[in-house]
Structure formats: C-alpha cells, structure tokens
Amino acid sequence: MTQTLTAALVPKAELHVHIEGAAPPDLVRELADQHGVDVSGLFAEDGSYAWTDFAQFLAVYDRASRVFRTPQDYARLAETYLRSIASDGAIYAELTISPDHAAASGLSYADYVGGLAEGIARARAATGIEARMIAVGVRHFGARAVEQVARQVAAYPHPLVTGFGLAGDETEGHPANFARAFRMAAEAGLGLTAHAGETAGAESVTAALDFLQVSRIGHGVRAIEDTAVVERIVRDGIVLEVCPGSNLALGIYGALRFHPVNLLRRAGCRITLNSDDPPFFGTSLAQEYEACARTFGWDRAQSLEITRTAIAAAFCDEDTRARLLHAVATAEDAPPDPA
Ligand code: ADE
Ligand code: ZN
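Residues numbered from 1 in each chain as written. Chains lettered and ligands numbered in written order. Predicted model: local features only at pLDDT ≥ 70, side-chain atom pairs only at ≥ 80, totals over all residues. Heavy atoms only, no water.

**Considering the overall build of the protein**
Applicable threshold: Strands are runs of DSSP state E lasting at least two residues, helices are runs of H or I lasting at least four, and both sets are numbered from the N terminus onward. For the radius of gyration, the atoms used are the C-alpha atoms, and the globule rule reads 2.2 Å times the number of residues raised to 0.38. Residue contacts are defined here by distance: any two heavy atoms, one from each residue, within 4.5 Å place the two residues in contact. Method for areas: the Shrake-Rupley scheme with a 1.4 Å probe, in which residue coverage is limited to the protein chains shown. A residue counts as positive if it is Lys or Arg and as negative if it is Asp or Glu; His and the chain ends are not included. Charge placement uses NZ in Lys and CZ in Arg. For Asp and Glu, CG and CD serve respectively.
The helix and strand tally for the protein stands at 15 helices and eight strands. Scaling as 2.2 N^0.38, a compact globule of 339 residues should have a C-alpha radius of gyration of about 20 Å, and the protein matches this with 19 Å. Overall, the C-alpha framework of the protein stretches about 50 × 45 × 40 Å when taken along its three principal axes. Nonlocal contacts in the protein, meaning residues at least 24 apart in sequence, comprise 74% of its contacts between residues at least 6 apart. Surface accessibility of the protein: about 13400 Å² in total, with carbon and sulfur atoms responsible for 51%. Here the protein contributes 28 positively and 43 negatively charged side chains, and the mean placements of these two sets differ by 3 Å.

As structure tokens, then:
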C-alpha cells in the first residue's frame, strides 16, 4: 500500500527512537499482567512513567522493557509505534534495538529481530511506512558486551538490521574502548552512529568522531559548546540526530527557545528531528517537528529539509532512498490544503 499524504501533512522521517523507549505505558501494563511481571513503582498516578533524573530514567526503561517476552510482543510494539507515526506523516523510521534488553527478557537475538521485523512488515503493509533497525550496545555494560552485540549482528545478518550504535550512559567508558566493536560493525557493512554530546559535552562528540568512524551522532547538540567541534561536524557532513523534547525532559536545556538546534542548523550542521523515547519524555515525532517550526519560525520548506536530511543519511539501500526522496518531492509540489 502506498502512503498518501495530504498537502498539509509534512512527510517526516525518524532516525533515532529506541523501540523499548517507545512502549506506551498501557501496553506495558497489559503485557505485565499477561506475563506476571512486577511493574510496581514504574508509573506515576496519572499512568505515565515515573522517573526524575537520567539514571532513574534508564532504570525505569530497563524494568519496563522486561514485559516484552516473546517475538509477538515485540511485533506488536513495532507495529503500534510505526502505525502511530505513519498516521502523523512519517514515511521512514529507524528503530534503535537493544539485543541486551531482549536477552534480559529471555529472548534470543534471532527471536527479537524476527518479532520486530514482523511488526515492521505489518505496519508497512497497512500504511506504506518503511523502517530499518539499528542494533546498539549499551555503553555502561562495558566494551565486551558492546562487542558481543556487534559480533551477533555480523553473525546473523538480517536485511532490516542496517546500522550499529552505542547508547546508555555517556559519562561511562571512553569511546576508544568501543573502537573494536565499531570496526567489526563497519566490516559487516553496517551504518554507524553513537550517542554523544547529550549528557556529556563537546569533547564527547570529538571522541566519538575520533574513535568510532560514525557518519551520524545521536544528539550531538552539546557540540555547540565548542566552535571547533561544530566546524568539524559541518566540514565532515556529520548528521545530528537531534531529540529536543528528550533534552528538555532530561533538563539539559530549560526551554526549547534555549535549545541549540536552530543555531546548529544555521551554522551549517545537517540536522534531523527525533523523539528518542517518546512516552517517557511526553513527546512524539510530530510534536518535535511542530514545536521546532513554531519556536524557530521554520516554514514548510525548512521542515521538509529536515526530512530530506534524514533520508539522505538513512541506513537504507539506494532504491529505497530514491523512493522516499521522491515522496518528499511529491509532497513539496502538492498544492496547499484548501482548509
Ligand atoms: N537509551 C535510551 N534512551 C537513551 C538516551 N536518551 N540516552 C542514552 N541512552 C539511551
Ligand atoms: Zn537515544
């Protein structure tokens, strides 16, 4: 099925959303009942996830992910998420997947990826949305664990697993420790990205660029703290997977008007917009696009440019890229909505 976009709906693409972090609280509670998993203390009175700082967020995220115990659970999660963003105009998404989280729920890598791929296929059949997966290692689990993920991804290639990355606590472990894992992933033909410049500063972005051969940086916004790092990002065409709502929720910036996304864009950085862990941070992909357009005065052409940048940097094959770029061009040419 091909997706039809109304002229008013900006076609969107998302490069940075953690699949476990996209789990709606209602789905987590339902699966917790079904599988008999204790989720006490995970939710606030209003039903949302309860956490106060980055460390607690990671702990709640880890516990919530334990309710996904079967390939069918993951299929349902991927399908639910992709259908929801497709209804907001998304034509492409890369789901960040974490084999370590699946293993903690007793799922093998093959079952995890198989379940997610089934959900992706169902969402694609229903809406036309295209999706790929980026397998990440968790930084605070250490270099051996991250290498183990790289080894697994290389040993069991899947056509929809097209990227490799590094998530988790950025203040733990130097990127040099993970260089071997990234070399293995590069040799397996995967696109490379790493979280940096989120909870740590510009030096963390420099270290990721120096040691991990990445073409994209997850967040990267704190590069703004060092002009030389911004210049390097511009010069090397590094794409930033910016997640403004996540940064606000984690208190990295106090308000969107103080967020550096527009400064980075105007400095010439290649910017994309992403939701990271949407129900944890009270955001959505559409909200990110709308809030930035409203706050920074971006017109439709500037929002479309964000989508084009994401598609240009996507870890997908060239036919898919061309098809997605064509969809954006078609939406650009569409006459304005009469409403
Ligand atoms: N894993 C899930 N969300 C994350 C984030 N915002 N930063 C680092 N690791 C994460
Ligand atoms: Zn992230």
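**Observations concerning the site of ligand 1**
Condition: We call a residue near a molecule or strand when any one of its heavy atoms sits within 4 Å of it. Distance and chemistry together define a polar contact, namely a pair of N or O atoms within 3.5 Å, with one atom able to donate a hydrogen and the other to accept it when in protein, and with adjacent residues in sequence counting only for side-chain atoms on both sides. Gly is put with the polar residues, along with every residue not named as nonpolar or charged; the nonpolar set is Ala, Val, Leu, Ile, Met, Phe, Trp, Tyr, Cys and Pro, and the charged set is Asp, Glu, Lys and Arg.
In the vicinity of ligand 1, the contacting residues are His18, Phe54, Phe57, Tyr61, Ala167, Gly168, His195, Glu198, His219, Asp276 and Asp277. Asp277 places a side-chain nitrogen or oxygen 2.8 Å from a nitrogen atom of ligand 1. When residues in the shell around ligand 1 are grouped by element, the largest group, three residues, is from helix α2 (residues 54-65). Taken together, the residues of the shell around ligand 1 break down into four nonpolar, four polar and three charged.

**Brief notes about the sheet that holds strand β3 (residues 130-138)**
By definition, the strands of a sheet pair up through backbone hydrogen bonds, in either a parallel or an antiparallel sense. Our working rule: Here, a strand pair is defined by DSSP locating no fewer than two bridges between the strands. Axis geometry follows a simple rule: fit a line to the C-alpha atoms, using only the stretch in contact for helices, then measure angles between N-to-C directions, giving values from 0 to 180 degrees.
Overall, parallel pairing links the eight strands, which are arranged β1-β2-β3-β4-β5-β6-β7-β8 in an open sheet. Lying at the two open borders of the sheet, with one neighbouring strand each, are β1 (12-18) and β8 (270-273). Each strand axis lies, on average, 25° off the axis of its neighbour in the sheet, ignoring direction. Where β1 lies against strand β2 (residues 90-97), five bridges are found, and the strand directions are parallel. Looking at the pairing, Lys12 lines up with Ala90 of β2. This element, helix α3 (residues 71-86), spans β1, β2 and β3 of the sheet and lies at about 145° to β2.

By themselves these figures say nothing about function.
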